[in-house]
Amino acid sequence: MIEIEVQNETHQTQFRIKAMAVPRIGEGLRLKEPDGTWASYDVLDVWYQQADFGEIWVPYLHVRTTPGDGGALETPSAGATHMPDQAMPIADFLAKFEGDHEHETVRLNLDMSEEG
């Protein structure tokens, strides 16, 4: 079991849960609300910080109530602003990482035989 620190943006709370795997950004979780009901949450961010003891890295999640979830109402924080739609075509997204030159294809030899 992995102990995960969860920072809940909706209720401005912080708590720990135990899970078999660390959720990824964009995945959903079902968490208990302060009133005891269950609600859907979206994972906004995942990061790891070194624990105060040893070479242990603790996972942290930043979550927010899933929009449109009937289980809980989202209460905006005091300084909340509208987040613009950040969708873009995948080709434009990948171009940000490619640079000014084309990548060369590297041929891999996956032959595991002992012959040379």
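Not measured: the values here are computed from a predicted model.

**Q** Quick question: what am I supposed to make of the side chain of Glu5 here?
**A** Mapped onto the elements of the fold, Glu5 is located in strand β1 (residues 2-8). Taking the relative accessible area as the measure of exposure, Glu5 reaches 7% and is therefore buried. Polar contacts involving the side chain of Glu5 include one to the side chain of Arg16, which spans 2.8 Å.

**Q** Help me out: how do you make sense of the packing of aromatic side chains in this one?
**A** For any pair of aromatic rings, geometry is given as the distance between the ring centres together with the angle between the planes. If you walk through the whole model with that rule in mind, you get 1 aromatic pair. Relative to Tyr60, the ring of Trp47 has its centre 5.5 Å away and its plane inclined at 10°; by these criteria the two rings are stacked. Of the two residues, Trp47 sits in strand β4 (residues 38-50) while Tyr60 sits in strand β5 (residues 57-65), which places them 13 residues apart along the sequence. For Trp47, a relative accessible area of 23% puts it in the partly exposed group. The class for Tyr60 is buried, based on a relative accessible area of 13%.

**Q** Looking at this model, I keep getting lost on unusual backbone geometry. Mind explaining?
**A** Negative phi is the rule for most residues except glycine; trans is the rule for most peptide bonds. For Gln12, which is not glycine, the phi dihedral falls at a positive 55°. Here Gln12 is to be found in the loop between β1 and β2 (13-19).

**Q** What should I look at first to understand the nonpolar core in this one?
**A** With 10 residues, the main nonpolar core is built from Ile4, Val6, Ala19, Leu29, Leu31, Ala39, Tyr41, Val43, Leu61 and Val63. Breaking this core down by element, the ones donating at least two residues are β1, β3 (28-32), β4 and β5. Once residues within four sequence positions are removed from consideration, Val63 is found in contact with Val6, Gln7, Asn8, Glu9, Thr10, Leu29, Leu31, Tyr41, Asp42, Val43 and Leu44.

**Q** Help me out: how do you make sense of the layout of surface pockets in this one?
**A** Which parts of space are left empty comes out when a probe the size of a water molecule is rolled across the atoms. Of the voids in this model, the second largest pocket is the one considered here, and its volume is about 150 Å³. Every residue along the wall of the second largest pocket is listed here: Glu3, Arg16, Gln49, Gln50, Ala51, Phe53, Ile56, Trp57, Val58, Pro59 and Tyr60. Among the elements of the structure, β4 and β5 are those that each provide at least two residues to the lining of the second largest pocket. Ranked by residues supplied to the lining of the second largest pocket, first place goes to β5 with 4 residues. Considered class by class, the residues forming the lining of the second largest pocket number 7 nonpolar, 2 polar and 2 charged.

**Q** I tried to follow the environment of Val63 on my own but got confused; where do I start?
**A** Within the secondary structure layout, Val63 lies in strand β5. Overall, the relative accessible area of 0% leaves Val63 in the buried class. For the pair Val63 and Glu9, spaced 54 residues apart in sequence, the C-alpha separation works out to 5.9 Å.

Rules used in this analysis
- Residues numbered from 1 in each chain as written.
- Predicted model: local features only at pLDDT ≥ 70, side-chain atom pairs only at ≥ 80, totals over all residues.
- Heavy atoms only, no water.
- Helix = DSSP H or I, 4+ residues; strand = E, 2+ residues; numbered from the N terminus.
- Buried < 20%, exposed > 50% of the residue type's maximum accessible area, 1.4 Å probe, protein only.
- Polar contact = N/O pair within 3.5 Å; in protein donor to acceptor, adjacent residues only side chain to side chain.
- Phe/Tyr/Trp six-rings, centres within 6.5 Å; stacked < 30°, edge-to-face > 60°.
- Core = buried A, V, L, I, M, F, W, Y, C linked by side-chain atoms within 4.5 Å.
- Contact = heavy atoms within 4.5 Å.
- 1 Å grid on protein atoms, 1.4 Å probe; cavity = no way out; pocket = protein on both sides within 12 Å on 5 of 7 lines; lining within 4 Å.
- Points joined across faces, edges and corners; volume = space filled by probe spheres on them.
- Nonpolar A, V, L, I, M, F, W, Y, C, P; charged D, E, K, R; others polar.

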